[in-house]
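# Remarks on the overall topology
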Amino acid sequence: LKISYKDLDYVSGGDTDGEYEKSKYKYSYNDVESVIAPFIGEIEILHVNHHGSSHSSNQAYINALNPTVSIISCGFRNRYGHPDQNTLNRLTAASKVYLTEKCDPDRDYTNSTLVNGDIVIKSTDGKNFTVNGDQFTVKH
């Protein structure tokens with residue numbers, strides 16, 4: 001899903017995967033991210049795929065989308081270990097990361113913002129936007 005308001009672009013890929021893998025739960029993952037990334041292009045806001053799992057938000061996807069802000073929604077102490085630390089590291093190196101809550105308490109959330117609730121995005125002109133009150137400007 002890509003939503004554009006003038007120059008402001010938001011993308012949510014749901015549970016889209018970024019690698020080929022079989023999970024311990026017997027799921028098959030496929031690298032859809034690398035296929036769709038060139039069609040999406042650069043964006044401002046990324047709702048991170050699959051809660052930041054180990055098989056999502058691969059480097060090619062992050063490089064192509066080049067988000068200013070990344071949002072991770074996940075539950076506290078979830079049994080799946082979301083977000084994965086490597087995924088979180090990729091995202092914090094590329095963007096300002098906001099999380100709905102601490103999720104997996106064993107992660108290093110340095111350079112992330114833990115909201116502990118709703119993450120609110122606002123824009124009145126499609127060029128400037130806020131995420132939970134923090135100011136940003138569209139880069140293209």
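Scroll up to find the structure.
So, here is what we can say about the structure in this document.

### A short note on the overall build of the protein
Per the secondary structure count, the protein includes 3 helices and 11 strands. Tracing the protein from N to C terminus, the helices and strands come up as β-β-β-β-α-β-α-β-α-β-β-β-β-β. The C-alpha radius of gyration computed for the protein amounts to 14 Å, which stays within 12% of the reference 14 Å derived for 140 residues, consistent with globular compactness. Dimensions along the principal axes, computed over C-alpha positions, put the protein at roughly 45 × 35 × 20 Å. Relative to its full complement of 140 residues, the protein shows a buried share of 44%. For the protein, the share of sequence-separated contacts (at least 6 apart) that also reach a separation of at least 24 residues comes to 56%. Split by element, the accessible area of the protein, about 7300 Å² in all, is 49% carbon and sulfur. Here the protein holds 14 positive side-chain charges and 18 negative ones, and the gap between their average locations is 3 Å.

### Considerations on the sheet that holds strand E9 (residues 121-122)
Strand pairing in a sheet takes place through backbone hydrogen bonds and is either antiparallel or parallel in direction. Spatially, 3 strands are ordered E9-E10-E11 in an open sheet, and the strand pairing comes out antiparallel. A strand with exactly one partner marks an edge of an open sheet, and here the two such strands are E9 and strand E11 (134-137). Bridge count for E9 against strand E10 (residues 128-131) is 2 bridges, and the pairing is antiparallel. What sits directly across from Ile-121, in E10, is Val-131.

### Regarding the environment of Asn-128
Residue placement: Asn-128 occurs in strand E10. For the pair Asn-128 and Lys-139, spaced 11 residues apart in sequence, the C-alpha to C-alpha distance is 9.6 Å. Other than its neighbours up to four places away in sequence, Asn-128 contacts Lys-122, Ser-123, Phe-136 and Thr-137. Polar side-chain contacts of Asn-128 include one of 3.2 Å to the side chain of Thr-137.

### Quick word on the packing of aromatic side chains
Within the structure shown, the criterion is met by 1 aromatic pair. Taken together, a centroid distance of 5.3 Å and an interplanar angle of 20 degrees make the contact between Phe-129 and Phe-136 stacked. For the pair Phe-129 and Phe-136, a shared accessibility class is recorded, and that class is buried. The ring of Tyr-98 carries Lys-96 above its face, with NZ or CZ at 5.6 Å from the centroid.

### Notes on the state of the cysteines
In protein structure, a disulfide is the covalent linkage between the sulfur atoms of two cysteines. Summed over the entire model, instances satisfying the criterion amount to 1 disulfide. Across the disulfide from Cys-74 sits Cys-103; the S-S distance is 1.7 Å. Here Cys-74 and Cys-103 share a disulfide; its torsion about the S-S bond, 80 degrees, makes the bridge right-handed. In this pair, Cys-74 is assigned in the loop between strand E6 (69-72) and helix H3 (85-94) and Cys-103 in the loop between strand E7 (96-99) and strand E8 (112-114), connecting sequence segments 29 residues apart. The class for Cys-103 is buried, based on a relative accessible area of 0%.

### A word on helix H1 (residues 33-40)
Every buried residue of H1 is accounted for by Glu-33, Ala-37 and Ile-40. With its buried residues spanning 70 degrees around the axis, H1 presents them on a single face. Residues Val-35, Pro-38 and Phe-39 are exposed on H1 and point more than 90 degrees away from its buried face. Buried residues along H1 sit in contact with strand E1 (2-5), strand E2 (8-12) and helix H2 (59-65). At the C-terminal side of H1, Gly-41 shows a positive phi close to 80 degrees.

Rules and cut-offs
Sequence order sets the numbering: in each chain, residues are counted from 1 along the sequence as written. Side-chain atom pairs in this predicted model are given and counted only at pLDDT of 80 or more, local residue features only at pLDDT of at least 70, and totals for whole chains, interfaces and linings cover all residues. With hydrogens and water excluded, all non-hydrogen atoms of the structure serve as input to the side-chain values. For helices the rule is a DSSP run of H or I covering at least 4 residues; for strands it is a run of E covering at least 2, with both sets numbered from the N terminus onward. Put simply, the radius of gyration uses C-alpha atoms, and a globule should come to 2.2 Å times the residue count raised to 0.38. When a residue's accessible area, from a 1.4 Å probe over protein chains only, is under 20% of the maximum for its type it is buried; when over 50% it is exposed; and in between it is partly exposed. Contacts are residue-level and defined by heavy atoms, with any inter-residue pair within 4.5 Å sufficient. Accessibility throughout is a Shrake-Rupley quantity obtained with a 1.4 Å probe, and a residue counts as covered only by protein chains that appear here. Residues scored as charged are limited to Lys and Arg (positive) and Asp and Glu (negative), so that His and the chain ends carry no count. Just so you know, the charge point we use is NZ for Lys, CZ for Arg, CG for Asp and CD for Glu. If DSSP finds at least two bridges between two strands, the strands pair. Two N or O atoms count as a polar contact when they lie within 3.5 Å, although within protein this holds only if one can serve as hydrogen donor and the other as acceptor, and sequence-adjacent residues are included solely when both atoms are side-chain atoms. Note on ring pairs: Phe, Tyr and Trp rings are taken, using the six-membered ring of Trp, and paired if centres are within 6.5 Å. Classes follow the plane angle, with under 30 degrees stacked, over 60 edge-to-face and the rest tilted. By definition, being over a ring means that NZ of Lys or CZ of Arg is both within 6 Å of the ring centre and within 35 degrees of the ring normal. Disulfide assignment relies on a single distance test, namely cysteine sulfur atoms paired within 2.5 Å. Think of it as the arc spanned by the lines of direction from the helix axis to the C-beta atoms.

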